[in-house]
Amino acid sequence: MRMRDTFIKPMHREGIRFVAIFAAVTLVLFLIWEPLGWIGVGLTVWCYYFFRDPERVTPARPGLIVSPADGVVSLIEPAVPPAELGMADMPLTRVSVFMSVFNCHVNRSPVAGEVVSVAYRPGKFFNASLDKASVDNERNGLRIRMEDGRDLAVVQIAGLVARRIVCFVKPGDRLRTGERFGLIRFGSRLDVYLPPGVAPLVEIGQTMVAGETVIAELGQAGQAEA
């Protein structure tokens, strides 16, 4: 790896027009007053950094559930998956990862499998770190069916600043573990609903890396049920 690659990351295409807007405003600010222009430069760099899309190395061992987002584990609790995904009306272990405006916001699939359903629901924009954000906020959910027939749900939740959830997949698509499936602009949260009997391997406050940090292991549940 070159030293330059440590600091300069590739940018997701969703960020191109935003960086262009920030850069144009910066030019105007320089014409108005130079100190304002340098503030604009800082904000433009931040915008580029927000939309960064670094390569990740996903663990190769089968049966692992990885984090769908960069951020911090904010909640681990039993909860019923969103009704619009059509899953059983029973509580599952929900692991919530909160993303600040400084985290990478490209979302990755926690597991390999087929996308059974994609369901968007408009809503409010409470602080994404709050528990009620899972129920009240704008959200987009994916129901993913794994090879063993079990389903996992991952839900993108807009936050206090976020105003746009982007999803790249549709029902019938197949995803690899760690594959990009969407992003949320400017601060948000991801909820993962683990299959029945699967226990999380993370704790509240733990820092997560999308596509790399292991949340849980499916094999443990399979052995317990055998």
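A.B. asks: I would appreciate a short explanation of the sheet that holds strand β5 (residues 113-121) in the present structure.
C.D. replies: Backbone-to-backbone hydrogen bonds join strands into a sheet, with any given pair of strands oriented parallel or antiparallel. Ordered in space as β9-β5-β6-β7-β11-β3-β2-β12, the eight strands form an open sheet in which the pairing is antiparallel. Looking at which strands have only one partner, the edges of the open sheet turn out to be β9 (174-175) and β12 (207-208). Here two bridges tie strand β2 (residues 71-79) to β12, and the two strands are oriented antiparallel to one another. Counted as the bridge partner of Gly 71 is Met 208 from β12.

A.B. asks: When you look at the confidence of the model for the chain in this model, what are you seeing that I'm missing?
C.D. replies: Caution applies to low-pLDDT parts of the model: their predicted coordinates are not meant to be read in detail. Taken as a whole, the chain shows an average pLDDT of 86; of its residues, 84% reach a score of 70 or greater. Within the chain, helix α1 (residues 3-7) has the poorest average pLDDT of any element, 49, and β9 the best, 98. Low confidence marks residues 221-226, where pLDDT is under 50. Its contacts with residues over four positions away, or in another chain, come to five contacts.

A.B. asks: Can you walk me through the sheet that holds strand β4 (residues 106-108) in this structure?
C.D. replies: Taken together, three strands build an open sheet; the order of strands is β4-β10-β8 and the sheet is antiparallel. Each edge of the open sheet is held by one strand with a lone partner, namely β4 and β8 (165-167). Sheet twist, expressed as the average angle between the axes of neighbouring strands with direction ignored, equals 25°.

A.B. asks: Honestly, the layout of surface pockets in this entry has me stumped. Any pointers?
C.D. replies: Empty pockets left among the atoms are what a rolling probe the size of a water molecule brings to light. As a volume, the largest pocket reaches approximately 320 Å³. Lining the largest pocket are 17 residues, with Pro 62, Gly 63, Leu 64, Ala 112 and Leu 218 sitting closest to its centre. Of all elements in the fold, only β1 (64-66) and α5 (218-225) reach the threshold of two or more residues within the lining of the largest pocket. The greatest single-element share of the lining of the largest pocket, amounting to three residues, is contributed by α5.

A.B. asks: What should I look at first to understand the nonpolar core in this one?
C.D. replies: The tendency in soluble globular proteins is for nonpolar side chains to be buried side by side. In terms of nonpolar packing, the biggest core is built from 28 residues, with Ile 65, Val 154, Leu 194 and Ile 215 touching the most fellow members. For this core, the elements supplying multiple residues, two or more each, are β3 (92-99), β6 (139-145), β7 (151-158), β10 (180-184), β11 (188-193) and β13 (214-217). Sequence-distant contacts of Ile 65, that is, excluding residues within four places in its chain, are made with Pro 110, Val 111, Leu 152, Leu 194, Pro 195, Val 198, Thr 213, Val 214, Ile 215, Ala 216 and Leu 218. Listed in part, the nine residues of the second largest apolar core include Ala 79, Leu 92, Ala 119 and Ala 153.

A.B. asks: What's the story with the environment of Cys 104 in this structure? I'm lost.
C.D. replies: Locating Cys 104 in the fold gives a position in the loop between β3 and β4. Overall, the relative accessible area of 3% leaves Cys 104 in the buried class. As for Cys 104 and Gly 71, which are separated by 33 residues in sequence, their C-alpha atoms are 8.2 Å apart. Apart from residues lying up to four places away in sequence, Cys 104 is in contact with Phe 50, Arg 52, Pro 54, Arg 56, Asp 70 and Met 99.

A.B. asks: Is there a simple way to think about the pattern of salt bridges in this case?
C.D. replies: Throughout the structure, instances matching the rule amount to 15 salt bridges. The salt bridge partner of Arg 61 is Glu 217, with a shortest N-O separation of 2.7 Å. One end of the pair, Arg 61, is in the loop between α3 (34-50) and β1; the other, Glu 217, is in strand β13, with 156 residues separating them in the sequence. One salt bridge connects Arg 143 with Asp 151, and the closest N-O pair in it is separated by 2.7 Å. Relative accessible area serves as the criterion here: at 14%, Arg 143 is assigned to the buried category.

A.B. asks: Mind showing me how you'd approach the side chain of Glu 138 here?
C.D. replies: Take Glu 138: it is sitting in the loop between α4 (133-136) and β6. Judged by its relative accessible area of 6%, Glu 138 is buried. A distance of 2.7 Å separates the side chain of Glu 138 from the side chain of Tyr 120, its partner in a polar contact.

A.B. asks: Help me out: how do you make sense of helix α2 (residues 16-32) in this one?
C.D. replies: Spacing of three or four residues puts side chains on the same side of an α-helix, whose turn is 3.6 residues. Here α2 contains 17 residues, and its C-alpha end-to-end distance of 25 Å stays within 8% of the 24 Å for a straight helix at 1.5 Å per residue. Buried residues of α2: Phe 18, Val 19 and Thr 26, and no others. Along the axis of α2, the buried residues cluster in a sector spanning 95°; they form a single face. Turned more than 90 degrees away from the buried face of α2 sit Ile 16, Leu 27, Leu 31 and Ile 32, all of them exposed. Each element contacted by the buried residues of α2 is listed here: α3.

Cut-off values and rules
Residues numbered from 1 in each chain as written. Predicted model: local features only at pLDDT ≥ 70, side-chain atom pairs only at ≥ 80, totals over all residues. Heavy atoms only, no water. Pairing = 2+ DSSP bridges. Helix = DSSP H or I, 4+ residues; strand = E, 2+ residues; numbered from the N terminus. pLDDT = per-residue confidence, 0-100. Contact = heavy atoms within 4.5 Å. Axes fitted to C-alpha atoms, helices over the stretch in contact; angles between N-to-C directions. 1 Å grid on protein atoms, 1.4 Å probe; cavity = no way out; pocket = protein on both sides within 12 Å on 5 of 7 lines; lining within 4 Å. Points joined across faces, edges and corners; volume = space filled by probe spheres on them. Core = buried A, V, L, I, M, F, W, Y, C linked by side-chain atoms within 4.5 Å. Buried < 20%, exposed > 50% of the residue type's maximum accessible area, 1.4 Å probe, protein only. Salt bridge = Lys/Arg side-chain N within 4 Å of Asp/Glu carboxyl O. Polar contact = N/O pair within 3.5 Å; in protein donor to acceptor, adjacent residues only side chain to side chain. Expected span 1.5 Å × (residues − 1). Arc of directions from axis to C-beta.

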